[in-house]
Structure formats: C-alpha cells, structure tokens
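The chain contents come next:
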Amino acid sequence: MLKNDLKRQNGFRKFLLGGAVAFGMLSAPAVFAQEILGPDVVIAVVGGENITQAELSYALEDMGEEITQIPVNERRDFLVQMLVDMKVMAQAARKAGMADTTTFASRKTYLEDRALRRAYLQDVMATEVSQDELKAAYDDAFKNFEGKDMFRARHILLASEDDAKLVVVELDNGRDFAEVAKEKSTGPSGPQGGDLGYFSEGDMVPEFFEATRALEVGAHSGPVQSQFGWHVIKLEDRRPSTPPTFEQVLPQIRQRVMVGKFEKLVEDLKAGSNIQIMNVGN
C-alpha cells in the first residue's frame, strides 16, 4: 500500500537532492525569478568574484526544507548573505593554501560526484510519466485492497435499560425509528433522528459496533449498554469500503512511479559497472 512506500520515498528524495525538493519541483527558479533574470545575472561581487543567480538557486536546493523556517520575504536576502559569507571564507581558505591540500582534494571529489549525480538524475528522470504508467501503478497499489466495511446506523440513547426496553416495544409495534429518536434520545444525534452517518470498526465503542455489525439492514437491536448509557440501534446500510480514487492519490502514485524508475536506473548502472567493496576494518 502507499503508506508503506513513504519511508522509501523520503529516503529517495534525500538521496536525490541531498535534502532538496523532488523532481520537477525545484523551487529556486520560481522563487527567485531565474527565468526572468537568467542564471548568469550577477547578484553580488565579493573580492572581485561574481555570485550569480544560478548560485542562489543552488543554495536554495542545498537548504532543502530548512529554508521553510525563514519567512518567505526574507529568504532571498538570507541566501545572498549566506553566499557572500561562503565566498569570503572560501577566498580566505585559498589564501591560506587549503585548496592545495589532499584533504580538500578528497572532499572536492566527493562534492563533484554528488553534483554530477544530481544533474544526471534530474536530466534522466525529468521525462514526464505517462498516464498508462500512473494507472498501472495505481492498480498495483490497490489490487489487494482490504478496507473495513462501512455501516450507517441510527441510535436512540437512553438513561436506563428499562427505558430502552420500552422503546424496543414501541419500535416492534411499528413506530418510526427516527421519530422515536427525535422524541426520546438523549444523545446529540437525537434531533437528526439518531442518524450517525457512516462509520467503521474503531470509530465506535466496541459494544456499540459489535451490536451494529450483528444486525441485518433495516433491523433494530435490543438494549445495548455502553459507557454512554443504553442504546437501541437500527442498521440503515452496510457497504464494503472502497479504495481512494485515482485522482485522490495521484501525487503519491506519481512519486511511487518515480521511485521505481530511480531504483531501476541505479540497479542498471550498477549491473554495468565493475564494483568492488573492500572489507576494510571489519
């Protein structure tokens, strides 16, 4: 079911963008008008080095969900200042010779691989998912759907068992259930003829639900005790639960398809590579 995909999908999103948003939803261009300004537009100059609109977008990606903690109207200024601070410190590090160390070379290789992975996945996975793929994924997700039966019932809530027995006699003699509920029920549903709408197991206290489930549609119960008092119940309808519609779960279905594409891509790439994992330190 879709719920079981959430953990896997969250891991996929984090792996893909290092905490940024998922495919087709990179918000940097939309938020900072990269389409209007262009990625090469200079937004700041630090020590003779330019900071561009594109770098602002990359900074937004790296911030991921953390950026939501900053008010929308302050985000651009925050990121610009972050880029300025980063540039100043990078320039100082270069002057100190840190760019020539083996430690930096190793970190640079890792960061370059991460950036290339991100660019490759965005390029390969950017193709639109077809309607047929989405429909097939929806059918697969709910092919073994086992929802809870739904019940629609009315009830009359009374203070004592004797009162409930008298109501049962009236109903057995042909009085309309809804009218009796309006007249005698002490529950909040009384003015609506005792109508409780549809519910399933877990929505009602066990005693009430079990008594409802035992009824035939159109029949009423004898006195049923619960923590709220004494009930007389009439089952109006019983129907099997149905899965959510395709439209209701389309975002989750789309993500499910993208996860599948991602996993297949990675497995295919691994299959075509000579991979050796060394057993070091174990």
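Residues numbered from 1 in each chain as written. Predicted model: local features only at pLDDT ≥ 70, side-chain atom pairs only at ≥ 80, totals over all residues. Heavy atoms only, no water.

**Student:** What exactly am I supposed to notice about the overall build of the chain here?
**Tutor:** Within the chain, the regular secondary structure consists of eleven helices and six strands. Scored against the burial criterion, the 282 residues of the chain give a buried share of 33%. Partitioning the contacts of the chain with sequence separation of at least 6, the portion at a separation of at least 24 is 66%. Taken as a whole, the chain presents about 17900 Å² of accessible surface, with 53% of it coming from carbon and sulfur. (Helix = DSSP H or I, 4+ residues; strand = E, 2+ residues; numbered from the N terminus. Buried < 20%, exposed > 50% of the residue type's maximum accessible area, 1.4 Å probe, protein only. Contact = heavy atoms within 4.5 Å. Areas by Shrake-Rupley, 256 points an atom, 1.4 Å probe, with all protein chains shown as cover.)

**Student:** Even after reading the chapter, I still don't get the sheet that holds strand S4 (residues 195-199), so can you show me in this structure?
**Tutor:** Whether parallel or antiparallel, the strands of a sheet pair through hydrogen bonds between backbone atoms. The four strands lie next to each other as S4-S3-S6-S5, forming an open sheet whose pairing is antiparallel. Two strands lie at the open edges of the sheet, namely S4 and strand S5 (224-226), each paired on one side alone. Pairs of neighbouring strands in the sheet enclose a mean axial angle of 40 degrees, with direction left out of account. When strand S3 (residues 150-158) meets strand S6 (residues 229-239), the two strands line up antiparallel, connected through nine bridges. By the bridge assignment for S6, Leu 157 is matched with His 231. Of the strands in this sheet, S3 and S6 are in contact with helix H8 (residues 161-172), which crosses S6 at around 40 degrees. Along the sheet face, helix H9 (residues 177-184) touches S3 and S6 and points at about 45 degrees away from the line of S3. (Pairing = 2+ DSSP bridges. Axes fitted to C-alpha atoms, helices over the stretch in contact; angles between N-to-C directions.)

**Student:** Help me out: how do you make sense of the packing of aromatic side chains in this one?
**Tutor:** Each aromatic ring pair is summarised here by two numbers: the centre-to-centre distance and the angle between the ring planes. What the rule picks out here adds up to six aromatic pairs. Each ring, one from Tyr 138 and one from Phe 246, has its centre 5.7 Å from the other, and the planes form 90 degrees; the classification is edge-to-face. In this pair, Tyr 138 sits in helix H7 (residues 131-141) while Phe 246 sits in the loop between S6 and helix H11 (250-271), placing the two residues 108 residues apart along the sequence. Each member of the pair, Tyr 138 as well as Phe 246, is classed as buried. An aromatic cluster of at least three residues, connected via ring pairs, comprises Tyr 138, Phe 142, Phe 145 and Phe 246. Above the ring of Phe 246, the side-chain terminus of Lys 135 is found at 4.1 Å from the ring centroid. (Phe/Tyr/Trp six-rings, centres within 6.5 Å; stacked < 30°, edge-to-face > 60°. Lys NZ or Arg CZ within 6 Å of the ring centre and 35° of its normal.)

**Student:** Any chance you could explain the pairing of S3 here in plain terms?
**Tutor:** Along any regular strand, the residues point their side chains to alternate faces of the sheet. Among the nine residues of S3, seven are classified as buried, and the element is accordingly described as predominantly covered. Bridge analysis of S3 against S4 gives three bridges, and the strand direction is antiparallel. Note on S4: the bridge partner recorded for Phe 151 is Phe 199.

**Student:** I keep staring at the side chain of Glu 170 and nothing clicks. Help me out?
**Tutor:** Topologically, Glu 170 is positioned in helix H8. For Glu 170, a relative accessible area of 17% puts it in the buried group.

**Student:** I keep staring at H8 and nothing clicks. Help me out?
**Tutor:** Helical geometry note: an α-helix holds 3.6 residues per turn, so side chains three or four residues apart project in the same direction. Between its terminal C-alpha atoms H8 stretches 16 Å, which fits the 16 Å expected from twelve residues at 1.5 Å a residue. For H8, the set of buried residues is Ala 164, Val 167, Val 168, Glu 170 and Leu 171. Taken around the axis of H8, the buried residues stretch over an arc of 160 degrees, which confines them to a single face. In H8, those exposed residues whose orientation departs by more than 90 degrees from the buried face are Asp 162, Leu 166 and Asp 172. In this fold, the buried residues of H8 make contact with S3, H9 and S6. (Expected span 1.5 Å × (residues − 1). Arc of directions from axis to C-beta.)

**Student:** What is the right way to look at the packing of helix H6 (residues 102-124) against H11 in this model?
**Tutor:** For any two helices packed against each other, one specifies the inter-axial angle together with the distance between the axes. Across the interface, H6 lies against H11 with an axial gap of 11 Å and an inter-helix angle of 120 degrees. In terms of axis orientation, H6 runs oblique to H11. H6 and H11 meet at a crossing whose hand is right-handed. Seen from H6, the contacting residues are Tyr 120, Leu 121 and Val 124; seen from H11, they are Phe 262, Leu 265 and Leu 269. Looking at side-chain class alone, the contact of H6 with H11 contains six nonpolar, no polar and no charged residues. (Parallel < 35°, antiparallel > 145°, perpendicular 65-115°, else oblique. Left-handed = near helix turned anticlockwise from the far one by under 90°. Nonpolar A, V, L, I, M, F, W, Y, C, P; charged D, E, K, R; others polar.)

**Student:** What exactly am I supposed to notice about the packing of H7 against H11 here?
**Tutor:** Relative to each other, H7 and H11 sit at 100 degrees, their axes nearing to 9 Å. With respect to H11, the element H7 is oriented roughly perpendicular. For the pair H7 and H11, contact is made by Glu 133, Leu 134, Ala 137, Tyr 138, Asp 140 and Ala 141 and by Leu 250, Ile 253, Arg 254, Arg 256, Val 257 and Lys 261, respectively. Residue classes in the contact of H7 with H11 are distributed as seven nonpolar, no polar and five charged.

**Student:** Looking at this structure, I do not really get the pattern of salt bridges. What am I missing?
**Tutor:** When the charged atoms of two side chains lie near each other, side chains of opposite charge can form a pair. As enumerated under the stated definition, the model contains 18 salt bridges in all. Here Asp 62 and Arg 118 are joined by a salt bridge, their closest N and O atoms 3.5 Å apart. Of this pair, Asp 62 sits in helix H4 (residues 53-63) while Arg 118 sits in helix H6, and the two are 56 residues apart along the sequence. Accessibility expressed as a relative area gives 45% for Asp 62, which makes it partly exposed. (Salt bridge = Lys/Arg side-chain N within 4 Å of Asp/Glu carboxyl O.)

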